[in-house]
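Each chain, written out:
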Amino acid sequence: MVRKPAFEATITVRDACLCLHVQRAARAMARRFDDALRPIGLTNGQFSLMMSLNRPKPPDMGAVASLLGMNRTTLTAALKPLHRRGLLKITVDPADRRTRIMALTPRGLTLLSRAVPLWRRTHISVETLLPDGNPDGFRRNLRAIS
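What counts, and where the lines are drawn
- Residues numbered from 1 in each chain as written.
- Predicted model: local features only at pLDDT ≥ 70, side-chain atom pairs only at ≥ 80, totals over all residues.
- Heavy atoms only, no water.
- Helix = DSSP H or I, 4+ residues; strand = E, 2+ residues; numbered from the N terminus.
- Rg over C-alpha atoms; globule rule 2.2 N^0.38 Å.
- Buried < 20%, exposed > 50% of the residue type's maximum accessible area, 1.4 Å probe, protein only.
- Areas by Shrake-Rupley, 256 points an atom, 1.4 Å probe, with all protein chains shown as cover.
- Lys, Arg positive; Asp, Glu negative; His and termini not counted.
- Charge placed at Lys NZ, Arg CZ, Asp CG, Glu CD.
- Pairing = 2+ DSSP bridges.
- Salt bridge = Lys/Arg side-chain N within 4 Å of Asp/Glu carboxyl O.
- Contact = heavy atoms within 4.5 Å.
- Core = buried A, V, L, I, M, F, W, Y, C linked by side-chain atoms within 4.5 Å.
- Phe/Tyr/Trp six-rings, centres within 6.5 Å; stacked < 30°, edge-to-face > 60°.
- Axes fitted to C-alpha atoms, helices over the stretch in contact; angles between N-to-C directions.
- Parallel < 35°, antiparallel > 145°, perpendicular 65-115°, else oblique.

(A) The arrangement of the overall build of the protein in detail. Assigned secondary structure in the protein consists of 7 helices and 2 strands. In sequence order, the secondary structure elements of the protein are arranged as α-α-α-α-α-β-β-α-α. Taking 2.2 N^0.38 as the reference for a compact globule, 146 residues should give roughly 15 Å; the C-alpha atoms of the protein span a radius of gyration of 19 Å, well beyond that estimate. The principal-axis extent of the C-alpha atoms belonging to the protein is close to 60 × 40 × 25 Å. Out of the 146 residues in the protein, the part that is buried amounts to 26%. Accessible area for the protein stands at about 10,400 Å²; split by element, carbon and sulfur atoms hold 58% of it. The centroid of the 25 positive side-chain charges in the protein is displaced by 8 Å from the centroid of its 10 negative side-chain charges.

Dropping the structure here:
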């Protein structure tokens, strides 16, 4: 006989589960930023990936994967469409030939420059939605669990 969880457990998870609430908020946030970046042909994930490459010294795969909280396989898959569009280049690290480093191309830098004001406007509008008006506290809380 299959034992079914009580419906009360479903209600408790619906109302209290931090994982569920973070997932729902992340999806809603992703949609907002996807909508804002769509006119220039980027998704929020691509924007974040491109921003992670906007450094004085080109980062390696491990550094970018760590910053974005993803594994290297997922990062490799995310890089492919941007690489095909000529927005970034992937080269061998001259200091360690086993390592690949990534940098934005001039075309990628131009697109990222166009994306930043779109991100900034959307980000400001999202911060105004926080009921306690404390985005720094919210970020601290998210970092604590990530």
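(B) Spatial organisation of the pairing of strand β2 (residues 96–104). Bridge analysis of strand β1 (residues 88–93) against β2 gives 6 bridges, and the strand direction is antiparallel. Looking across to β2, one finds that L88 is bridged to L104. Taken together, β1 and the strand that follows it, β2, pair antiparallel across an intervening segment of 2 residues.

(C) A look at the pattern of salt bridges. Summed over the entire model, instances satisfying the criterion amount to 5 salt bridges. In this structure, the salt-bridge partner of D35 is R38, at a minimum N-O distance of 2.8 Å. One continuous salt-bridge network, built from bridges that share partners, spans E127, D136 and R139.

(D) View of the environment of Q23. Along the polypeptide, Q23 turns up in helix α2 (residues 18–37). Spatially, the C-alpha atoms of Q23 and L37 are 21 Å apart, while their sequence positions differ by 14 residues.

(E) The arrangement of the side chain of Q46 in detail. Among the secondary structure elements, Q46 is positioned in helix α3 (residues 44–53). A relative accessible area of 15% places Q46 in the buried class. The contact partners of Q46, leaving out residues within four places of it in the chain, are G41, P81, L82 and R85.

(F) Inspection of the nonpolar core at higher detail. L37, I40, L42, M50, L75, L79 and L82 are the most contacted members of the largest nonpolar core, which has 21 residues in total. Elements with a contribution of two residues or more to this core: α3, α4 (61–68), α5 (72–84), β2 and α6 (106–127). Apart from the residues within four sequence positions on either side, L79 is in contact with L49, M61, L88, I90 and M102.

(G) View of the packing of aromatic side chains. Inspection of the entire model under this criterion finds 1 aromatic pair. Their ring planes at 20° and their centres at 6.3 Å tell us that F47 and W119 sit as a pair that is stacked. Of this pair, F47 sits in helix α3 while W119 sits in helix α6, and the two are 72 residues apart along the sequence. Assessed through its relative accessible area of 6%, F47 is described here as buried.

(H) Main features of the packing of α3 against α5. At a minimum axis distance of 11 Å, the contact between α3 and α5 shows a crossing angle of 95°. Judged on the interaxial angle alone, α5 and α3 are roughly perpendicular. Contacts between α3 and α5 involve Q46, L49 and M50 on the former and, on the latter, L75, A78, L79, P81 and L82.

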